[in-house]
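Each chain, letter by letter, is given below.
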Amino acid sequence: AFLAPYSASKAGVISWSQSMAIYLAPYGVNVNTVCPGIIWTPMWAEGARILQSSNPDYKDLDPKAIFDNIVDRSIPLKRVQSPEDIGNAVVFLVSEEAREITGQALNVCGGMRLN
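Below or above, wherever it landed, is the structure these notes cover. (Residues numbered from 1 in each chain as written. Predicted model: local features only at pLDDT ≥ 70, side-chain atom pairs only at ≥ 80, totals over all residues. Heavy atoms only, no water.)

With that settled, consider the pattern of salt bridges. For the structure shown, the criterion picks out three salt bridges. Between aspartate 68 and lysine 64 there is a salt bridge, with the nearest N and O atoms lying 2.8 Å from each other. You can see aspartate 68 and its partner lysine 64 sitting in helix H3 (residues 63-74), four residues apart, about one turn around the helix. Residue classification places aspartate 68 among the partly exposed residues on the basis of a relative accessible area of 37%. Look at lysine 64 and you get partly exposed, because its relative accessible area is 34%. Across the salt bridge formed by arginine 99 and glutamate 96, the nearest N and O atoms sit 3.6 Å from each other. With relative accessibility at 58%, the residue glutamate 96 sits in the exposed group. (Salt bridge = Lys/Arg side-chain N within 4 Å of Asp/Glu carboxyl O. Helix = DSSP H or I, 4+ residues; strand = E, 2+ residues; numbered from the N terminus. Buried < 20%, exposed > 50% of the residue type's maximum accessible area, 1.4 Å probe, protein only.)

Structure below.
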């Protein structure tokens, strides 16, 4: 139930950044969006606790084990993302090597679907 508002807001940010890329292009400004995958945060810990109480498969697992299970099932590379992974993408996008990249959404997600 909480995915619809989250998905709508994410789509809105991507659409807005693409509009800004068009608007700012004449001024030589690149605008892109970085879409993080799964990062262990307090929000994920709380979500895992909700899953623990509502899903019998997770009843006997602690929140971090639930998170690790979701990572294992959802991410083809089987690795959780880190703030450093996201930062590396941003550093690339602001570098001269990315000067021809604008209006894009870069998923830093280990191949996760529906990111």
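Let us look at the side chain of serine 17. Within the secondary structure layout, serine 17 lies in helix H1 (residues 3-24). The class for serine 17 is buried, based on a relative accessible area of 4%. Every residue in contact with serine 17, bar those within four places of it in the chain, is listed here: Val31 and Thr33. (Contact = heavy atoms within 4.5 Å.)

With that out of the way, let us pick up the packing of aromatic side chains. Scanning the entire structure with this criterion turns up two aromatic pairs. With 5.3 Å between their ring centres and 75 degrees between their planes, tryptophan 44 and phenylalanine 67 make a pair best called edge-to-face. With tryptophan 44 in helix H2 (residues 42-54) and phenylalanine 67 in helix H3, this pair connects stretches of sequence that are 23 residues apart. The exposure class assigned to phenylalanine 67 is buried, which follows from its relative accessible area of 0%. Here a set of aromatic residues connected by ring pairs shows up, and it is made of Trp40, Trp44 and Phe67. Directly above the aromatic system of tryptophan 40 lies the positively charged group of lysine 64, at a separation of 5.6 Å from the ring centroid. (Phe/Tyr/Trp six-rings, centres within 6.5 Å; stacked < 30°, edge-to-face > 60°. Lys NZ or Arg CZ within 6 Å of the ring centre and 35° of its normal.)

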